[in-house]
Amino acid sequence: MNSHASYHQTGNFCNMIGKSPAMRALYAMLTKVARHDLTALITGPSGVGKELAARAIHDLSPRRDRPLVTIHCGAFPENLLESELFGHCKGAFTGATRDRMGRFEQADGGTVFLDEVGELSLALQVKLLRVIQFRTFERLGENKMVRVNVRLIAATHRDLKQGVAEGWFREDLYYRLNVVPIEIPRLKERREDIPLLVDYFLGRHGGGDGRRPVMTPAALAALEKHAFPGNVRELENIVQRALVFADTPLIDTAALPPDVRPNYPETHADIDRPGVDCEALSAALQHAVIRNHDGQPAPWHRRLRCIKLEAIETFLRTWGADWFSRKRYARFLENHGNHHQRGKYKTAGDHLAILRANRICVHNHQKSNRAAYRLHDRFLSWDRVIGSCKSGPCPR
């Protein structure tokens, strides 16, 4: 990667998470950390930009020309995760028809980013500890040691120190990972970043018709008063939703979600309101797409055509907590495809069938115009599940 590309990537990091004094100090810290091959532990709640910070460290480091390999530790069952991390040899388990390289080998010379490292089982924590100490490991079903040269960056939204006290996280691994602790603050702790982030997201997602959308001062003021339990990711989702609902390039409060508009009862509440578990949903979608042992897209993903997985994720975060129709999803396909699809209604049915097959969405078992879909209960808080059932028929 040349210096211009590296600057472009890290510049995106600054724009994406803001330029308040706190974030400028964080960026200065990342720049210093990147020069040295130290293990870093990035902490912060979901949606603050932990993966972006990890990418910035890699892009600023001497390893920038080598791979950055990311794996979400909560997206795989324990037996599959070990194979993903360390690889396996032919015959190691049922279905292992050939040797497979793990993520650590793929990243040799580069960086491994372990997202949500707090989800690792104690058994895998022991194996990870050995990799950190000796940079060696064994593939599943093989006794030969494999040596790699990688830099390790880990991230979590969980309190690992509390995990050590409670026994679900190893103390020795905690101190091995926490060589350089990096904490990314919540969006509500740096509200001065909100106007800049809104402008960035409007430029990133709007302007498809040549006109740059603008948010009114009233809408910006409403956003600045919002609690943002979902942090920067929630703000991006709100901006994308506002672009869909605004009738003109001038976006007013009417295009904002009800709980963000002025005088909404919970707008100023400084609490994490029940809703969609965005991190679990993102992991499930990625795992569903890249689910075979070669790390290539599964065959059904070709049926998603030109729709980006991120766009589908945004749709489900916006509408999935409540019941939505296939017609609504078909309109989404038309707006997000690179051409208007004549068979978008059938394609919508194909997509929703895929999401149901992977336990991402559920169906209310009604036919015709009474048919509806929503996210599976595992992505919703219990209060949200109850509320959704009250607003529509629960699936049997």
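Residues numbered from 1 in each chain as written. Predicted model: local features only at pLDDT ≥ 70, side-chain atom pairs only at ≥ 80, totals over all residues. Heavy atoms only, no water.

Chemist: So, the overall build of the chain: which residues are in play, and what are the values?
Modeler: Within the chain, the secondary structure is distributed over 16 helices and 13 strands. Across the 396 residues in the chain, those meeting the buried criterion constitute 48%. Relative to all contacts within the chain whose residues are 6 or more apart in sequence, the contacts with residues 24 or more apart total 70%. Of the accessible surface of the chain, which amounts to about 19,800 Å², a share of 50% is contributed by carbon and sulfur atoms. (Helix = DSSP H or I, 4+ residues; strand = E, 2+ residues; numbered from the N terminus. Buried < 20%, exposed > 50% of the residue type's maximum accessible area, 1.4 Å probe, protein only. Contact = heavy atoms within 4.5 Å. Areas by Shrake-Rupley, 256 points an atom, 1.4 Å probe, with all protein chains shown as cover.)

Chemist: Provide a residue-level description of the pattern of salt bridges, including the pertinent values.
Modeler: Opposite charge on two side chains makes pairing possible when the charged atoms of those side chains draw close. One pass over the structure, following the stated rule, counts twelve salt bridges. A salt bridge links Arg170 to Asp172; its shortest N-O distance comes to 2.7 Å. You can call Arg170 partly exposed: its relative accessible area is 29%. One salt bridge connects Glu313 with Arg317, and the closest N-O pair in it is separated by 2.1 Å. Residue Glu313 and its partner Arg317 are both found in helix α13 (residues 309–319); the two are separated by four residues, about one turn of the helix. Comparing Glu313 with Arg317, the two get one shared label, buried. Here the salt bridges do not stand alone but share partners, grouping Glu84, Arg100 and Arg103 into one network. (Salt bridge = Lys/Arg side-chain N within 4 Å of Asp/Glu carboxyl O.)

Chemist: Residues and numbers for the environment of Ala284, please.
Modeler: Inspection of the secondary structure puts Ala284 in helix α12 (residues 278–289). With relative accessibility at 15%, the residue Ala284 sits in the buried group. For the pair Ala284 and His72, spaced 212 residues apart in sequence, the C-alpha separation works out to 10.0 Å. In this structure Ala284 touches Ile360, Arg378 and Phe379, once residues within four positions along its chain are discounted.

Chemist: So what's going on with helix α6 (residues 122–134)? Which residues, and what values?
Modeler: In this model α6 runs 19 Å from its N-terminal to its C-terminal C-alpha over 13 residues, within 8% of the 18 Å that 1.5 Å per residue would give. When we look at burial in α6, the residues that qualify are Leu124, Gln125, Leu128, Leu129, Val131 and Ile132. Buried residues of α6, seen end-on, are gathered within an arc of 160 degrees and therefore sit on one face of the element. Looking at the buried positions of α6, the neighbouring elements they touch are α4 (78–86), α5 (103–106), β5 (111–115), β6 (136–138), β8 (151–156) and α8 (171–177). Positioned one or two residues after α6, Arg135 has a phi angle of 55 degrees, which is positive. (Expected span 1.5 Å × (residues − 1). Arc of directions from axis to C-beta.)

Chemist: Before we move on, can you summarise the packing of aromatic side chains with the specific residues and values?
Modeler: According to the stated counting rule, one finds ten aromatic pairs in the structure shown. On the basis of an interplanar angle of 40 degrees and a centroid distance of 5.4 Å, the ring pair of Phe86 and Phe137 is categorised as tilted. Here Phe86, found in helix α4, pairs with Phe137, found in strand β6; they are 51 residues apart in sequence, far enough to count as distant. This pair shows no difference in class: Phe86 is buried, exactly as Phe137 is. The exposure class of Phe137 is buried, given its relative accessible area of 4%. An aromatic cluster is present here, built from Phe315, Phe324, Tyr329 and Tyr373 joined pairwise through their rings. Of note, Arg158 hangs over the ring of Trp168, and the distance from its end group to the ring centre comes to 3.9 Å. One cation-aromatic arrangement involves Arg328 over Trp319; the distance from NZ or CZ to the ring centre is 3.8 Å. (Phe/Tyr/Trp six-rings, centres within 6.5 Å; stacked < 30°, edge-to-face > 60°. Lys NZ or Arg CZ within 6 Å of the ring centre and 35° of its normal.)

Chemist: So what about the sheet that holds strand β1 (residues 40–43)? Which residues, and what values?
Modeler: Pairing is parallel in the open sheet, where five strands are placed in the order β2-β5-β8-β1-β9. A single partner strand is all that each edge strand has here, and the edge strands are β2 (68–72) and β9 (180–183). Strand-to-strand, the axes of this sheet are offset by a mean angle of 20 degrees, without reference to chain direction. (Pairing = 2+ DSSP bridges. Axes fitted to C-alpha atoms, helices over the stretch in contact; angles between N-to-C directions.)

Chemist: I'd like a description of the nonpolar core, backed by residues and values.
Modeler: With 33 residues, the main nonpolar core has Phe104, Leu114, Val117 and Leu128 as its most contacted residues. Secondary structure elements with two or more residues in this core: β2, α4, β5, α6, β8 and α8. Among the elements that make up this core, the one with the highest residue count is α6 (five residues). Residues within four places of Leu114 in sequence aside, it is in contact with Ile71, Cys73, Leu85, Leu128, Leu152, Ile153, Ala154 and Ala155. Of all hydrophobic cores here, the second largest spans 24 residues; its members include Tyr329, Leu352, Leu375 and Phe379. (Core = buried A, V, L, I, M, F, W, Y, C linked by side-chain atoms within 4.5 Å.)

Chemist: Could you give me a rundown of unusual backbone geometry, with the residues and numbers involved?
Modeler: A positive phi angle, close to 50 degrees, is found at Phe228, a residue other than glycine. With respect to the helices, strands and loops of the structure, Phe228 is situated in the loop between α10 (217–225) and α11 (231–245). The backbone phi angle of Asn231 is positive, close to 60 degrees, even though this residue is not glycine. By secondary structure assignment, the location of Asn231 is in helix α11.

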